[in-house]
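# Summary of structural features
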Amino acid sequence: ALVSLRQLLDHAAENGYGLPAFNVNNLEQIHAIMQAADECNSPVIMQGSAGARKYAGEPFLRHLIEAAVEAYPHIPIVMHQDHGASPAVCVNAIRSGFSSVMMDGSLEEDAKTPSSYEYNVDVTARVVAMAHAVGVSVEGELGCLGSLESGMGEAEDGHGAEGVLSHDQLLTDPEQAADFVRKTNVDALAIAIGTSHGAYKFTRKPTGDILAIERIKEIHKRIPNTHLVMHGSSSVPQEWLEIIREYGGEMKETYGVPVEEIQEGIKNGVRKVNIDTDIRLAMTGAIRRHLAKNKSEFDPRKYLKDATAAAKEICKARFEAFGSAGQA
Ligand code: G3H
Ligand code: 13P
Ligand code: ZN
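Residues numbered from 1 in each chain as written. Chains lettered and ligands numbered in written order. Predicted model: local features only at pLDDT ≥ 70, side-chain atom pairs only at ≥ 80, totals over all residues.

## A closer look at the UniProt feature "active site" (unreviewed entry) in the chain
Short version of the rule: UniProt positions are given in the numbering used here, feature names are shortened, and annotations may be inferred rather than shown by experiment. Strands here mean DSSP runs of E at least two residues long; helices mean DSSP runs of H or I at least four residues long; both are numbered from the N terminus. Whether two residues are in contact is decided by their C-beta atoms, placed from the backbone, lying within 7 Å.
When the UniProt feature table is mapped onto this chain numbering, "active site" (unreviewed entry) sits at Asp82. On the secondary structure map, Asp82 appears in strand S3 (residues 77-84). The contacts of Asp82, once residues within four sequence positions are left out, are Asn23, Gln47, Gly48, Ser49 and Met102.

Written as structure tokens, this is what we have:
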């Protein structure tokens, strides 16, 4: 059944687990997530970015997720809009049936001026008022997603007009988080702790100076009743990087967010963990390997079957590691 994000995250908080929130763009990714969830009996969060709507088209994306709801009636599913850039985007998603939206008012905020904070509070509070009136949940974001290592990160990377922001300016401030939640009444809050979107997060295995798990604890102490969200939380498995390289791909040395660090976050209030890149890496590795080994193959179903199986294994591993397996 389609459920709101709030319902799932409240259950996760009561029972001390976290949920992966997987980005979806196509049939195979949705198959992979649902097969994994079905096998380990986990609730599901599927989220569509602006890029996903552009790629698939909004009706296709929506109907694919609705097909999952129909095909797996025993699994609670959240249809969530990832990184809404404006209230208008959120209203459109609500009208088309999404049960949860993210109003990302931090996108305008990289200069960290006082007025951009006010902007974020204002747009987020407006979206919460509209969404809650129709039973839809809202995720907000405070802080600047991006690497604490200079020159890394694909988005919101802290390279504003004033140049590179310092370590502390990028991270979510616990006091400000408390103020933000009080003023906006968001259901979930995405926080910045040094992660960034995409495959190139860290040039070395992350330690506390570049991945600020301690900051989660400080934020959770201030706002214990707010569900925290980690973005940019792919683990970037070395095995898949090696398979991609072995079968003709080119990927530089890179490290993601270790699953153990995410588990530490879940012990401290993180309930939603956004993952897109890991599924991309697994699918690409599986397709490269399949085509290299089956040079005369031309039926897309054959290599997409391998890609689906590879994505499914990633999903199962995350459901199990974050504790949502068995909770559907
Ligand atoms: O928010 C980031 C997700 O990985 C979505 O990426 O904009 O390429 O769909 P995308
Ligand atoms: P990754 O790029 O680490 O998978 O993060 C995805 C994300 O945060 C989507 O909002
Ligand atoms: Zn994100």
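## Topic: the nonpolar core
Note the cut-off: Any set of buried Ala, Val, Leu, Ile, Met, Phe, Trp, Tyr and Cys residues joined through C-beta atoms within 7 Å is what this text calls a nonpolar core. Residue burial here comes from a neighbour count, namely the number of other C-beta atoms, placed from the backbone, that lie within 10 Å of the residue's own C-beta, with 20 or more meaning buried, 12 or fewer meaning exposed, and in between meaning partly exposed.
In this structure, Ile33, Met46, Val101, Leu189, Ile191, Ala282 and Ala311 are the most contacted members of the largest nonpolar core, which totals 89 residues. Ranked by residue count, the leading element in this core is helix H13 (residues 300-322), at eight residues. Excluding its chain neighbours within four sequence positions, the residues that come into contact with Met46 are Phe22, Val24, Ile30, Ile33, Ile65, Ile77, Met79 and His80.

## Observations regarding the site of ligand 1
Counted only if it meets this: Each residue receives a C-beta atom built from its backbone; the residue is near a molecule or strand if that atom lies within 6 Å of it. Amino acids are sorted into nonpolar (Ala, Val, Leu, Ile, Met, Phe, Trp, Tyr, Cys and Pro), charged (Asp, Glu, Lys and Arg) and polar (every other residue, Gly among them).
Surrounding ligand 1, one finds Asn23, Ser49, Gly51, Ala52, Asp82, His83, His197 and Asp276. Listing elements by their share of the shell around ligand 1, those giving two or more residues are helix H3 (50-56) and S3. Broken down by class, the residue content of the shell around ligand 1 amounts to one nonpolar, five polar and two charged.

## Regarding the UniProt feature "binding site: Zn(2+) 2" (unreviewed entry) in the chain
Using the residue numbers shown here, the UniProt feature "binding site: Zn(2+) 2" (unreviewed entry) corresponds to Asp104 and Glu141. Spanning 38 residues, the named residues form one tight spatial group whose C-alpha atoms are at most 5.5 Å apart. When you line up the elements, Asp104 lands in the loop between strand S4 (100-103) and helix H6 (114-133). Excluding its chain neighbours within four sequence positions, the residues that come into contact with Asp104 are His83, Gly84, Ala85 and Glu141.

## A look at the sheet that holds strand S5 (residues 137-142)
Where we set the bar: Two strands form a pair only when DSSP identifies at least two bridges running between them. What counts as an axis is a line fitted to C-alpha atoms, over the stretch in contact for a helix, and the angles between N-to-C directions run from 0 to 180 degrees.
The sheet built from eight strands closes into a barrel, its strands ordered S1-S2-S3-S4-S5-S8-S9-S10 with parallel pairing. This sheet shows a mean twist of 25° between the axes of neighbouring strands, independent of strand direction. The pairing of strand S1 (residues 19-23) with strand S10 (residues 270-275) spans four bridges and is parallel. Among the inter-strand pairings, Ala21 is bridged to a residue of S10, identified as Asn274. Against the sheet, helix H8 (residues 174-184) touches S5 and strand S8 (188-191), its axis set at about 150° to S5.

## What about the packing of helix H12 (residues 277-293) against H13?
Just so we agree on the cut-off: Put simply, a crossing is left-handed when the front helix is turned counterclockwise from the back one by less than a right angle, and right-handed when it is turned clockwise.
At a closest axis distance of 8 Å, the pairing of H12 and H13 adopts a crossing angle of 145°. Crossing of H12 over H13 shows right-handed handedness. Residues Asp278, Ile279, Ala282, Met283, Gly285, Ala286, Ile287, His290 and Leu291 of H12 touch H13, and the partners they reach there are Lys302, Tyr303, Asp306, Ala307, Ala310, Ala311 and Ile314. When the residues that make up the contact of H12 with H13 are grouped by side-chain class, the tally is 11 nonpolar, two polar and three charged.

## Considering H12
What counts is decided by this rule: A helix is expected to span 1.5 Å multiplied by its residue count minus one.
Between its terminal C-alpha atoms H12 stretches 24 Å, which fits the 24 Å expected from 17 residues at 1.5 Å a residue. All of the buried residues in H12 are Thr277, Asp278, Ile279, Leu281, Ala282, Met283, Gly285, Ala286, Arg288 and Arg289.

## So, the confidence of the model for the chain
Detail in the predicted coordinates should be disregarded across regions flagged by low pLDDT. Our working definition: Scored from 0 to 100, pLDDT records how confident the predictor is in each individual residue.
This prediction gives the chain a mean pLDDT of 93; 92% of its residues lie at or above 70. In the predicted structure, residues 150-155 sits below a pLDDT of 50 and forms 16 contacts with residues beyond four places in sequence or in another chain. Scored below 50 in pLDDT, residues 157-163 makes 15 contacts in the model with residues more than four places away or belonging to other chains. Interface confidence for the predicted complex, given as ipTM, is 0.98, next to a pTM of 0.95.

## Digging into the site of ligand 2
By nearness alone, 13 residues border ligand 2, and His231, Ser234, Asn274, Asp276 and Thr277 come closest of all. Residue assignment for the shell around ligand 2 shows that the elements contributing at least two residues are S3 and S10. For the shell around ligand 2, a count of residues per class yields one nonpolar, 10 polar and two charged.

## What to know about the environment of Ala37
Within the secondary structure, Ala37 sits in helix H2 (residues 27-40). For the pair Ala37 and Tyr72, spaced 35 residues apart in the sequence, the C-alpha separation amounts to 9.5 Å. In contact with Ala37, not counting residues within four places along its chain, are Ser42, Val44, Ile75, Phe319 and Ala328.

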